[in-house]
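In case you want the letters, here they are:
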Amino acid sequence: MGAENKTDEEKQNGDGTLFDLNDYTIIKEGDAEILMHAKNEVFYNKTQVNNRDMSIAVLRTFISQRKQEHEAMLTRRRTKAGNKVPDAKAEIPDDSVQHNGESNDGSEVLEDASHNESCSKPEEETKNLRGKGREELKPPRVLEALSASGLRALRYAREVEGISQVVALDNDKASVEACRRNIKFNGSVACSKVESHLADARVYMLTHPKEFDVVDLDPYGAPSVFLDSAVQSVADGGMLMCTATDMAVLCGGNGEVCYSKYGSYPLRGKYCHEMALRILLASIESHANRYKRYIVPVLSVQMDFYVRVFVRIYTSASDMKSTPLKLSYVYQCTGCDSFHLQPVGRTVSKNNSVRYLPGFGPAVSQECSDCGKKFNMGGPIWSAPIHDQEWVAAILADVKSMKDRYPAYERISAVLTTVSEELPDIPLFLSLHNLCATLKCTSPSAVIFRSAVINAGYRISGTHVNPLGLKTDAPMDVIWDIMRCWIKNHPVKAQPSDQAGSVILAKEPVLQANFSRAVASLSKAQAKKVARFLPNPERHWGPKLRAGRQITSKHVSLLGPKALNGINNHENGDGSNHEDVEEPAAKQ
């Protein structure tokens with residue numbers, strides 16, 4: 001091969017060795033490009049474009065909010081000091097000093113001499129402590145704990161302004177080599193900001209406590225083994241982004257496995273995907289509490305085949321005491337759609353003191369008051385709000401203003417729009433179709449049912465988790481009264497007397513429902529006919545195969561012959577069919 005051909009067809013790896021571009025497919029997503037080998041040696045999943053776009057949107061908002069919070073903190077300090085320069089020692093409490101020379105609010109304490117030669121001068125040190133340098137906010141550092149091909153880390157570095165460094169970890173040698181190759185392939189910006197290391201993410205995070213402003217966990221399966229070290233690695237006020245793809249476990253398929261991994265028992269209700277979100281949040285909170293830390297969720301979504309949460313982490317022994325107030329057990333009736341929450345803790349205020357006590361119980365009797373059946377008990381789950389609506393509005397506004405920079409704009413804007421209209425303080429939701437299935441009746445339209453709830457004096461909204469889900473603060477006896485009134489105008493066939501629906505309908509309604517159209521029966525997005533739930537863009541929209549596995553003839557029934565033929569053609573050296581190859585590897 002001549003020198004010219006070698007220049008065109010061969011490139012250098014991060015370690016200086018050559019590789020042949022003909023063995024790779026170039027995949028572009030956002031501003032980043034990666035090289036994927038035909039043998040599926042490294043984990044990549046194009047379906048995770050929604051996940052990566054959502055993460056970039058949240059990260060941009062986090063950087064903006066972090067800057068605003070820092071400026072507000074400086075304003076408070078200046079006001080408190082009466083516009084006088086305070087003494088450095090008096091202003092910096094001992095427990096606020098962190099690693100990397102940062103205080104808990106992220107402000108700079110003292111530059112290390114190895115990073116800044118001017119710091120060796122005494123007068124410059126004094127300036128850093130007392131002057132403007134003391135008040136500078138350091139650019140955030142990001143840790144991608146499970147990087148694989150490095151696509152996510154590269155997109156963070158190239159697309160999110162204000163990031164100083166992205167550290168990409170993986171304990172697989174082939175993945176680290178691929179990541180370093182992709183870093184070099186993406187040019188000078190990526191090379192200056194992204195580092196790739198071969199390391200066990202758990203050990204690395206444990207040995208770098210409170211050093212990263214953002215930690216991103218996106219494993220293939222359960223994140224539970226990484227949570228303890230992750231909550232220690234996040235700086236105060238920083239953000240933990242966490243994905244869980246083991247939805248069968250979180251949604252009640254194997255309750256005992258879920259309890260062993262997350263410390264919570266799931267229930268197989270219609271709300272199981274939202275319960276999965278709340279189980280994950282409760283687990284993160286539990287790990288954080290062990291280190292006198294607690295979480296504040298800013299966005300929690302269920303998309304595609306996984307759940308994704310974005311939480312900020314703070315350190316406070318006193319605020320940590322409020323955790324039991326944010327957790328609840330769930331009682332789900334085995335006969336009807338009724339569920340009830342039992343808070344784990346409560347508070348009693350006397351004078352200026354607050355006492356923390358166990359929650360009152362039991363929340364329900366042995367038998368359901370609506371249908372007479374027994375209850376299953378699940379939890380504990382996170383029962384406090386799972387979104388910060390101000391953050392959601394800011395993220396959505398940012399996404400709309402930069403729609404051309406989000407490959408999955410349609411999907412993430414639809415999810416964020418629906419999230420922005422959810423009732424923030426209502427855990428879990430009802431399914432109108434499940435209610436009607438219990439009663440064996442025709443279903444009222446969502447507008448009619450929502451109108452009846454609003455006319456009864458209660459709030460109601462949709463949920464991003466399920467197009468048919470309804471969140472409401474109306475108690476279950478009011479919900480069943482509305483359905484009884486509906487059935488009086490739409491009679492049903494007689495059913496056996498021992499069925500849950502027959503027991504419910506045997507009672508006369510206490511509330512006389514008003515089904516006249518309410519003004520707020522449609523959300524703003526519905527009224528404007530904004531798309532809120534989009535179909536999957538292609539068949540088999542899922543996590544695909546693990547790294548190292550190949551598509552074979554046994555997969556034809558699932559993926560179709562096109563995928564198999566594409567792989568075979570690629571292995572035979574026919575580079576013309578690259579566009580026909582469905583990437584067999586799973587997410588990044």
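Refer to the structure above for everything that follows.
Residues numbered from 1 in each chain as written. Predicted model: local features only at pLDDT ≥ 70, side-chain atom pairs only at ≥ 80, totals over all residues. Heavy atoms only, no water.

(A) Looking closely at the environment of glutamate 256. Mapped onto the fold, glutamate 256 is located in helix H11 (residues 255–262). Owing to a relative accessible area of 49%, glutamate 256 belongs among the partly exposed residues under this scheme. Counting along the chain gives 10 residues from glutamate 256 to proline 266, while the straight-line C-alpha distance between them is 8.8 Å. (Helix = DSSP H or I, 4+ residues; strand = E, 2+ residues; numbered from the N terminus. Buried < 20%, exposed > 50% of the residue type's maximum accessible area, 1.4 Å probe, protein only.)

(B) Helix H15 (residues 432–439), seen in detail. Among the residues making up H15, those that are buried are Leu432, Leu435, Cys436, Thr438 and Leu439. Projected onto a plane normal to the axis of H15, the buried residues spread over an arc of 155° and lie on a single side. Lysine 440 lies just past H15 and shows a positive phi near 60°. (Arc of directions from axis to C-beta.)

(C) The nonpolar core, seen in detail. Formed by 83 residues in total, the largest nonpolar core has its most connected members in Met205, Leu217, Leu240, Leu250, Ile284 and Phe449. With sequence-adjacent residues up to four places away left out, phenylalanine 449 is seen in contact with Leu432, Leu435, Pro444, Ile460, Leu470, Ile479, Ile482 and Met483. Within the second largest apolar cluster, 48 residues are counted, among which are Val49, Leu59, Ile183 and Val419. (Core = buried A, V, L, I, M, F, W, Y, C linked by side-chain atoms within 4.5 Å. Contact = heavy atoms within 4.5 Å.)

(D) Looking closely at the pattern of salt bridges. For the coordinates displayed, the defined rule picks out 22 salt bridges. Here aspartate 213 makes a salt bridge to arginine 66, at a shortest N to O gap of 3.5 Å. Here aspartate 213 is found in strand E8 (residues 212–217), whereas its partner arginine 66 is found in helix H2 (residues 49–80), with 147 residues between them in sequence. For the residue pair aspartate 213 and arginine 66, the accessibility class agrees, reading buried in each case. Note that arginine 411 and aspartate 304 form a salt bridge whose closest N and O atoms lie 3.2 Å from each other. With arginine 411 in helix H14 (residues 409–420) and aspartate 304 in the loop between strand E10 (293–303) and strand E11 (306–315), this residue pair connects regions lying 107 residues apart in the sequence. Residue classification places aspartate 304 among the buried residues on the basis of a relative accessible area of 19%. One connected set of salt bridges, linked through shared partners, spans Glu29, Arg52, Asp53, Arg155 and Glu159. (Salt bridge = Lys/Arg side-chain N within 4 Å of Asp/Glu carboxyl O.)

(E) Region of the structure containing helix H17 (residues 476–489). With 14 residues, H17 extends 21 Å from end C-alpha to end C-alpha; this agrees with the ideal 20 Å at 1.5 Å per step. Across the 14 residues that make up H17, a large majority, 11, are buried. Looking only at H17, the buried set comprises Met476, Val478, Ile479, Trp480, Asp481, Ile482, Met483, Arg484, Cys485, Trp486 and Ile487. Along its buried surface, H17 packs onto strand E13 (339–343), strand E17 (430–431), H15, helix H16 (446–455), strand E19 (469–472) and helix H18 (500–505). (Expected span 1.5 Å × (residues − 1).)

(F) Focus on the sheet that holds strand E16 (residues 375–382). Ordered by their spatial adjacency, 3 strands build an open sheet running E13-E12-E16, and the pairing between neighbours is antiparallel. Of all strands in the sheet, those with a lone pairing partner are E13 and E16, marking the two edges. The average undirected angle you get between the axes of adjacent strands in this sheet is 25°. Across 6 bridges, the pairing between strand E12 (residues 327–333) and E16 is antiparallel. Each residue of the ladder has a partner; that of valine 330, found in E16, is glycine 378. (Pairing = 2+ DSSP bridges. Axes fitted to C-alpha atoms, helices over the stretch in contact; angles between N-to-C directions.)

(G) Representation of the pairing of E11. A large share of E11 lies buried, amounting to 8 of its 10 residues. Pairing geometry for strand E9 (residues 234–244) and E11, over 7 bridges, is antiparallel. Following the sheet pairing, leucine 240 is matched in E11 by valine 311. In sequence, E10 turns back onto E11 through a hairpin of 2 residues, with aspartate 304 there showing a positive phi of about 50°.

(H) Here's a closer look at a nonpolar patch on the surface. A cluster of nonpolar side chains, Leu325, Val354 and Tyr356, forms an exposed patch at the surface whose accessible area comes to about 240 Å². Looking at the element boundaries, leucine 325 is found in the loop between E11 and E12. According to the relative accessible area criterion, leucine 325 is partly exposed, its value standing at 34%. (Patch = residues over 30% accessible without salt bridge, like charges linked within 9 Å, V, L, I, M, F, W, Y side chains within 5 Å. Areas by Shrake-Rupley, 256 points an atom, 1.4 Å probe, with all protein chains shown as cover.)

(I) Expanded view of the sheet that holds strand E6 (residues 165–170). Pairing in this open sheet of 7 strands is mixed, and the strands run E7-E6-E5-E8-E9-E11-E10 from one edge to the other. The strands lining the two open edges of the sheet, one partner per strand, are strand E7 (194–198) and E10. Shown here is a sheet whose adjacent strand axes are inclined to one another by a mean of 15°, direction ignored. Packed onto the sheet, H2 meets E8, E9, E10 and E11 and runs at close to 20° relative to E11.

(J) Layout of the packing of aromatic side chains. Counting across every chain of the model gives 6 aromatic pairs. With centroids separated by 5.1 Å and ring planes inclined at 75°, the aromatic side chains of phenylalanine 305 and tyrosine 306 adopt a geometry described as edge-to-face. Residue phenylalanine 305 is classed as buried on the basis of its relative accessible area, which comes to 13%. Take tyrosine 306: its relative accessible area is 0%, and that puts it in the buried class. The lysine or arginine in question, arginine 346, covers the ring of phenylalanine 360, its NZ or CZ lying 3.6 Å from the ring centre. (Phe/Tyr/Trp six-rings, centres within 6.5 Å; stacked < 30°, edge-to-face > 60°. Lys NZ or Arg CZ within 6 Å of the ring centre and 35° of its normal.)

(K) Representation of the pairing of E9 in the model. Counting buried residues along E9, 11 of its 11 residues qualify, which places the element largely inside the surrounding structure. Sheet analysis places E8 next to E9, joined by 5 bridges and oriented parallel. Bridge pairing in E9 places valine 214 opposite methionine 239. Read from E8 through helix H9 (residues 224–233) to E9, the crossover connection turns out right-handed. (Right-handed = clockwise from strand over helix to strand, strands pointing away.)

(L) The arrangement of the side chain of serine 451 in detail. Structurally, the position occupied by serine 451 is in helix H16. For serine 451, a relative accessible area of 1% puts it in the buried group. Discounting residues that sit within four places of it in the chain, serine 451 has contacts with Asn514, Phe515, Ser516, Arg517, Ala518 and Ser521.

On their own, these measurements won't tell you what the molecule is for.
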